2 protein chains.
Amino acid sequence: MTQKTAEMLQTVQQTLTTAQKYEHACHVLNFDLETICPPKAMEQQGDLIAYLSNEGFKLKKDPAFIEAGEYLYAHRDELEEADAVLARQLHREYLHTKNITPEKMHSFSTVMNRAYVRWIEAKQASDFSLFAPSLREVLAVNREEVSLREPEDPSAPAASVYDQLLDDYERGITTEDLDALFGACKERLLPLMKQILASPKKIRTDFLSRKVTDEAQERMARYLLDVLQYDLQRGAFTTTEHPFTDWMAPNDVRITTHYHEDAFASSMYSIIHETGHALFEMLQPKEDWEHFIDSGKTMAMHESVSRFYENRIGRSEAFVHRIYPGVCEIFPEVMRDVSERELYEALNVVQPSLIRTEADEFTYTFHIIIRYEIEKALVSGEASIDDVPRLWNEKYREYLGIEPENDRTGCLQDVHWSSGFGYFPTYAVGNMYNAMYYNRLKNELDLDQVVASGDFAALNGWMAENIFRRANRLAPHEWIREITGRELTADDFLDYLETKYRDLYEI
Amino acid sequence: MTQKTAEMLQTVQQTLTTAQKYEHACHVLNFDLETICPPKAMEQQGDLIAYLSNEGFKLKKDPAFIEAGEYLYAHRDELEEADAVLARQLHREYLHTKNITPEKMHSFSTVMNRAYVRWIEAKQASDFSLFAPSLREVLAVNREEVSLREPEDPSAPAASVYDQLLDDYERGITTEDLDALFGACKERLLPLMKQILASPKKIRTDFLSRKVTDEAQERMARYLLDVLQYDLQRGAFTTTEHPFTDWMAPNDVRITTHYHEDAFASSMYSIIHETGHALFEMLQPKEDWEHFIDSGKTMAMHESVSRFYENRIGRSEAFVHRIYPGVCEIFPEVMRDVSERELYEALNVVQPSLIRTEADEFTYTFHIIIRYEIEKALVSGEASIDDVPRLWNEKYREYLGIEPENDRTGCLQDVHWSSGFGYFPTYAVGNMYNAMYYNRLKNELDLDQVVASGDFAALNGWMAENIFRRANRLAPHEWIREITGRELTADDFLDYLETKYRDLYEI
């Protein structure tokens, strides 16, 4: 590395050290906003977050910083890997934001923050029309923001707005890719779902709605966190209506859950899902934070891990065997007449339902396909915001044979659109990724034995070494190829579902 | 107002609008730190708060801001009242900090933030020696910070370090004042305590330690918040080991409580106490925030209100009458054989005890006197940090006839010293204030009727109009004189205790 490169690197690091503080503060303020901030204070706190976020953004508009970042990008061959990754990330960020002033960025954030508050109000009132004006603004912001970007490769044909939004959450993925992947899912899963629903196999689920107090569910949550080895010295845990994970700093990764009196499994599997996210952040290489590349991982990578823990591990026979005694001890009334096999089957029952986060592993993909098709149409202009409730209900009828009775359990159920479009497909792509790496993992680890015996250190260690270690440094297609030697495909996921559910339903 | 004054006012307002954002963020981050931040992330989050707080401080070091503030102070006769109050506050702040660089201020904050983390660790280990090095640093910071101040009145003799610290929390009060006030307390309360403890009157307290689940206590907490008319749209409520109130913004005032399985009354009275603080912030004039003078009120004013609600209202016969049916409904097992009179008496029993926050109204003042005498000796240099545990235990023996068995229930019980000395006396002075204004209130409102009927809007309205409205604008001695026509005295408080407890103990 030349003297000049070293100096430029130092300039960049100094600015990012400060910018990281603003981001850290915004994460905590946002966690507070979503967990405890009083309703009438949310708008002001949203504005505060927008302000601080913009102060961080301004730091990155400093010409000396931009010059240093671009210099590093041009000389990235001289840099060690982590810094070269940073240089690429900064270059991309620079192109995306060079035409956006801090004032413009602030106005974007304000729209998103307000939309979040309006969404809460609209959902409470179960009235999409209260949210529609905000959602229209969000869409306008998404479009404007994309229109202001400089292309990474000026010689390539311009990508559509929706493709660029998809790229924000999963670099490199396109509508074309998703149409093919989801096409394969529909082709194989729709007929299989019919067979499953027509199967004479009876799965007992009566006990899933037996009443459990919040206190017992909280004990269960802590039991599961302990089983999975989530470190409460470095993480926090609380309740919110919508479970989520947020990462503030290397020693601060927080998860939330909710308790429904008559649906104890809902909290259990939200805990396992969020713990997956948390483990990814906690067990990534420490130096990634120090090199400012800890958010290099994509959201589909993230969802691959959370859904790996939730479904591939959490709903497996081995895991149910591991926790069965704990469940019986913590919920004795619920479990008074339930065998281990009955618990396993109930946790895997296929049942079309309205709420994505409560959906079973099999029908889940359709919840994503519905959202994907709607947002693709919205962003392209084929559909308008006002069409959302109608489209939503039609598609639920079409794919799942059921229809929401109101907006709260329909198109207002998810928070995501209040901050823009393009996120939902990452859940489904995550399922495809984890099915692919599961097929490697099962050859390298005696997974059933590890899970059934509760040796989560071995499992988490394998994930850290093989899945987390390079996630911040590689593009998604490089990452999955490095792990599996193959390109993204839906096949592993579909094979897995087919085998598992044919076995379970004896079809 | 001249054109120039208007311009200067605008300059000041612009800077303070931004500084207020940093303060708001720091309040939220601090609330997070005290409620949910994971242990291993606390130090980093403390550093983040110090950083942002210092960014706010830097804004106030801008020469244009200082010039404008000083100009306004010199021309405060031209300003409307709120702005004149602001000019006085800015002038005082300027004198206090003009010799303190942002770097120095940052080093001060870092010491305090680290001390907070060390205190938590030391308290957990019940070992004062783990906290002593930090406490020594805190004392050094207190001394250095005071030594750097410019006097408000250069012709007056220099105040002692401890007097200057007292002045931070209760403007104008001195060691001389407190020696006299506490002397009066000791003179009247010590002999009375002997009589009370020797009295043959039997007060039943067995049911106070009957076990109550967290869930039932949470229901009770929400019941009390509702009775007192704490607005959950503008306030939040959660649990922490050490109950406190924090105010972030006009629509964001948060309180916390704790639940002890075998001491339900502890949570009840911490809720009432913190709700007092919260009502003060919620019901102060809205324009005080807009004029940046909302923190003009002193801590003794604040404690006067919290302890007014806790003791003068909360432990009165009328209040016990109001809540007795609710307590019976929420804690049926506890209350199965307890009459309203028995509940009232138990909530007022006099019993020397180790923990300040759990102390009865009568012995409470001695907890404060003990802390006052120790911190006065520490700051003056008469005692050293290493003497604290010994002094603490001796004084508990001397005043209350009991001695802690360990540091956790002794000198490590309170968080306050981790951020400096001089706060504790405000609790006792607060009791004296509220006894004084109670004597006016009882002539203007049929308090027993209002409380027993649950018409808290009338009570809170009286407080807002008479106690809160001018609190940010007046010095404490002006404030209490305006409310009561008299100077601060311990007499009303001592008369009240004497009457109440002679009656209760039939002596």
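Everything numeric in this text was worked out from a predicted model, so none of it was measured.

(A) Representation of the overall build of chain A in the model. Scanning chain A from terminus to terminus reveals 21 helices and three strands. Over its C-alpha atoms chain A spans a radius of gyration of 23 Å, differing by no more than 12% from the 23 Å that the globule rule assigns to 507 residues. Principal-axis analysis of the C-alpha atoms places the extent of chain A at approximately 70 × 50 × 45 Å. In chain A, which comprises 507 residues, the share counted as buried stands at 44%. The long-range share in chain A, meaning contacts at least 24 apart out of those at least 6 apart in sequence, stands at 72%.

(B) Quick look at the relation of the copies chain A and chain B. Once turned by 180° and shifted 0.0 Å along the axis, chain A lies on chain B with an RMSD of 0.0 Å. Overall, the copies show the geometry of a two-fold rotation axis. Mapped onto chain B, 100% of the interface residues of chain A again fall at the interface, so both copies present the same surface.

(C) Broad picture of the interface of chain A and chain B. At the junction of the two partners, chain A supplies 27 residues and chain B supplies 27 residues. If you tally residues by element for the side of chain A that touches chain B, the top one is helix H1 (residues 3-35) of chain A, at six residues.

(D) Molecular detail of the pairing of strand E2 (residues 245-249) of chain A. Residue and element names in this part refer to chain A. Taking burial as the measure, the five residues of E2 include five buried ones, the bulk of the element. Relative to strand E3 (residues 252-257), E2 is paired through four bridges, and the arrangement is antiparallel. Directly across from Thr245, in E3, lies its bridge partner Ile255.

(E) Up close: helix H13 (residues 317-330) of chain B. Residue and element names in this part refer to chain B. For H13, which comprises 14 residues, the first-to-last C-alpha distance of 20 Å matches the rise-based estimate of 20 Å (1.5 Å per residue) to within 8%. For H13, the principal kink sits at Ile323 and spans about 45°; a proline, Pro325, occurs within the next four residues. If you check which residues of H13 are buried, you get Phe319, Val320, Ile323, Val327 and Ile330. Residues of H13 that are buried sit in contact with helix H9 (214-228), helix H12 (299-313), helix H14 (340-346) and helix H18 (447-453).

(F) Here's a closer look at the packing of H1(A) against helix H2 (residues 42-59) of chain A. Residue and element names in this part refer to chain A. Relative to each other, H1 and H2 sit at 165°, their axes nearing to 8 Å. Looking at the two axes, H1 sits roughly antiparallel to H2. Crossing of H1 against H2: the hand is left-handed. Residue-level contacts link Thr15, Thr18, Ala19, Tyr22, Glu23, Ala25, Cys26, Leu29, Asn30 and Leu33 of H1 to Met42, Gln45, Gly46, Leu48, Ile49, Leu52, Ser53, Glu55, Gly56 and Leu59 of H2. Looking at the contact of H1 with H2 residue by residue, the class counts come to eleven nonpolar, seven polar and two charged.

(G) Region of interest: the sheet that holds strand E1 (residues 235-239) of chain B. All names here are of chain B. Strand order in the open sheet formed by three strands is E1-E3-E2, with mixed pairing between adjacent strands. For this open sheet the edge positions go to E1 and strand E2 (245-249), each flanked by a neighbour on one side alone. Across the sheet, the mean angle separating the axes of adjacent strands is 20° when strand polarity is ignored. In the sheet, E1 pairs with strand E3 (residues 252-257) via five bridges, with the strands oriented parallel. When the sheet's bridge partners are listed, Thr239 is paired in E3 with Thr257. In the packing of helix H1 (residues 3-35) onto the sheet, the strands contacted are E1, E2 and E3, and the crossing angle to E2 comes to about 150°. Against the sheet, helix H10 (residues 264-282) touches E1, E2 and E3, its axis set at about 170° to E3.

(H) Quick look at the sheet that holds E2(A). All names here are of chain A. Across the sheet, three strands lie side by side as E1-E3-E2; this open sheet has mixed pairing. For this open sheet the edge positions go to strand E1 (235-239) and E2, each flanked by a neighbour on one side alone. Each neighbouring strand pair of the sheet contributes to a mean axis angle of 20°, computed without reference to strand direction. Strands in contact with H1 are E1, E2 and E3; relative to E2, the strand with the most contacts, it is inclined by about 150°.

(I) Quick look at the nonpolar core. Ranked by internal contacts, the top residues of the largest apolar core, which has 253 residues, are Ala25(A), Leu29(A), Met432(A), Ala25(B), Leu29(B) and Met432(B). Contact partners of Ala25(A), with chain neighbours within four places excluded, come to Leu52(A), Ala25(B), Leu29(B), Leu48(B) and Leu52(B). Counting residues in each nonpolar core, the second largest holds 14 residues, with Leu9(A), Val12(A), Phe65(A) and Ala68(A) among its members.

(J) Region of interest: the confidence of the model for chain A. When pLDDT is averaged across chain A, the result is 96; 100% of the residues are at 70 or more. ipTM for the predicted complex: 0.92, alongside a pTM of 0.93.

(K) Representation of the domain arrangement of chain A in the model. Residue and element names in this part refer to chain A. Splitting chain A by domain gives domain 1 (3-158) and domain 2 (175-505). For domain 1 versus domain 2, the distance between C-alpha centres works out to 27 Å. At the level of elements, H1, helix H4 (81-97), helix H5 (102-125) and helix H6 (128-147) are the ones that each hand at least two residues to the side of domain 1 that touches domain 2. When residues of the side of domain 1 that touches domain 2 are assigned to their parent elements, the largest contribution, nine residues, is made by H1. Classifying every residue of the side of domain 1 that touches domain 2 gives 17 nonpolar, eight polar and six charged.

(L) Highlighting unusual backbone geometry. Residues and elements named next belong to chain B. A positive phi angle, near 70°, is found at Gln229, a position not held by glycine. A positive phi angle, close to 50°, is found at Glu506, a residue other than glycine. Residue placement: Glu506 occurs in the segment after helix H21 (491-505).

(M) Main features of helix H19 (residues 456-468) of chain B. Over its 13 residues, H19(B) extends only 16 Å from the first C-alpha to the last, a length that falls short of the 18 Å expected when each residue adds 1.5 Å. Check the buried side of H19(B) and you find it contacts H9, H10, H12, helix H17 (425-444), H18 and helix H20 (476-484) of chain B.

(N) Here's a closer look at the pairing of E3(B). Buried residues dominate E3(B), accounting for six of its six residues. Alternating positions in E3(B) separate into two faces, Asp252(B), Arg254(B) and Thr256(B) on one and Val253(B), Ile255(B) and Thr257(B) on the other, with burial throughout.

(O) The arrangement of the environment of Thr2(B) in detail. Residues and elements named next belong to chain B. Within the fold, Thr2 resides in the segment before H1. Looking at Thr2, the number of C-beta atoms within 10 Å reads 9, which means it is exposed. Placed 76 residues apart in sequence, Thr2 and Glu78 show a C-alpha to C-alpha distance of 7.9 Å.

(P) View of the packing of helix H15 (residues 364-380) of chain A against helix H16 (residues 388-400) of chain A. Residue and element names in this part refer to chain A. At a closest axis distance of 10 Å, the pairing of H15 and H16 adopts a crossing angle of 145°. Two packed elements cross with a definite hand, and for H15 against H16 that hand is right-handed. Mapping the contact onto sequence places Phe366, Ile369, Ile370, Glu373 and Ile374 in H15 and Val388, Leu391, Trp392, Lys395, Tyr396, Tyr399 and Leu400 in H16. Class assignment for the residues of the contact of H15 with H16 results in ten nonpolar, no polar and two charged.

(Q) A look at the environment of Met335(B). All names here are of chain B. Residue position: Met335 is located in the loop between H13 and H14. In this structure Met335 comes out as partly exposed when scored by C-beta crowding, with 19 C-beta atoms within 10 Å. Separated by 127 residues in the primary sequence, Met335 and Leu208 place their C-alpha atoms 9.4 Å from one another. Beyond its immediate chain neighbours, meaning those up to four positions away, Met335 contacts Val327 and Cys328.

(R) Broad picture of the environment of Leu347(B). Within the secondary structure layout, Leu347(B) lies in the loop between H14 and helix H15 (364-380). Those residues in contact with Leu347(B) that lie beyond four places of it in its chain are Ala265(B), Arg315(B) and Val320(B).

How each quantity is defined
Along each chain, numbering runs from 1 in the same order as the chain's sequence is written. Note on labels: chains are lettered from A, ligands numbered from 1, in written order. Only residues with pLDDT of at least 70 get local features here, since the model is predicted, and only at 80 or more are side-chain atom pairs given and counted; chain-wide, interface and lining totals rely on the full set of residues. Numbering of helices and strands runs from the N terminus; a helix is a DSSP stretch of H or I covering at least four residues, while a strand is a stretch of E covering at least two. In this description the radius of gyration comes from C-alpha coordinates, and the expected globular size is given by 2.2 Å times residues to the power 0.38. Labels follow a simple rule on C-beta atoms placed from the backbone: if 20 or more others lie within 10 Å of a residue's own, it is buried; if 12 or fewer, it is exposed; otherwise it is partly exposed. Contact between two residues is assigned whenever their backbone-derived C-beta positions fall within 7 Å. Overlaid copies result from least-squares superposition on C-alpha atoms, with residues included only where pLDDT is at least 70 in both. Strand pairing requires that DSSP identify at least two bridges connecting the strands. To estimate the expected span of a helix, count its residues, drop one, and scale the result by 1.5 Å. Fitting one axis to the seven residues ending at a residue and another to the seven starting there, the bend at that residue is the angle between the two axes. Angles shown run from 0 to 180 degrees and are taken between the N-to-C directions of axes, each axis being a line fitted to C-alpha atoms and, for helices, limited to the stretch in contact. Orientation labels follow simple angle bins: below 35 degrees gives roughly parallel, above 145 gives roughly antiparallel, 65 to 115 gives roughly perpendicular, and whatever is left gives oblique. Note: crossing handedness is left-handed where the near helix turns anticlockwise from the far helix by less than a right angle, and right-handed where it turns clockwise. All residues other than Ala, Val, Leu, Ile, Met, Phe, Trp, Tyr, Cys, Pro, Asp, Glu, Lys and Arg, Gly among them, are scored as polar; the first ten of these are nonpolar and the last four charged. What we call a nonpolar core is a set of buried Ala, Val, Leu, Ile, Met, Phe, Trp, Tyr and Cys residues whose membership is set by joining through C-beta atoms within 7 Å. What pLDDT conveys is the predictor's confidence in a given residue, as a value from 0 to 100. As used throughout, domain bounds are those supplied by an automatic or database domain assignment.

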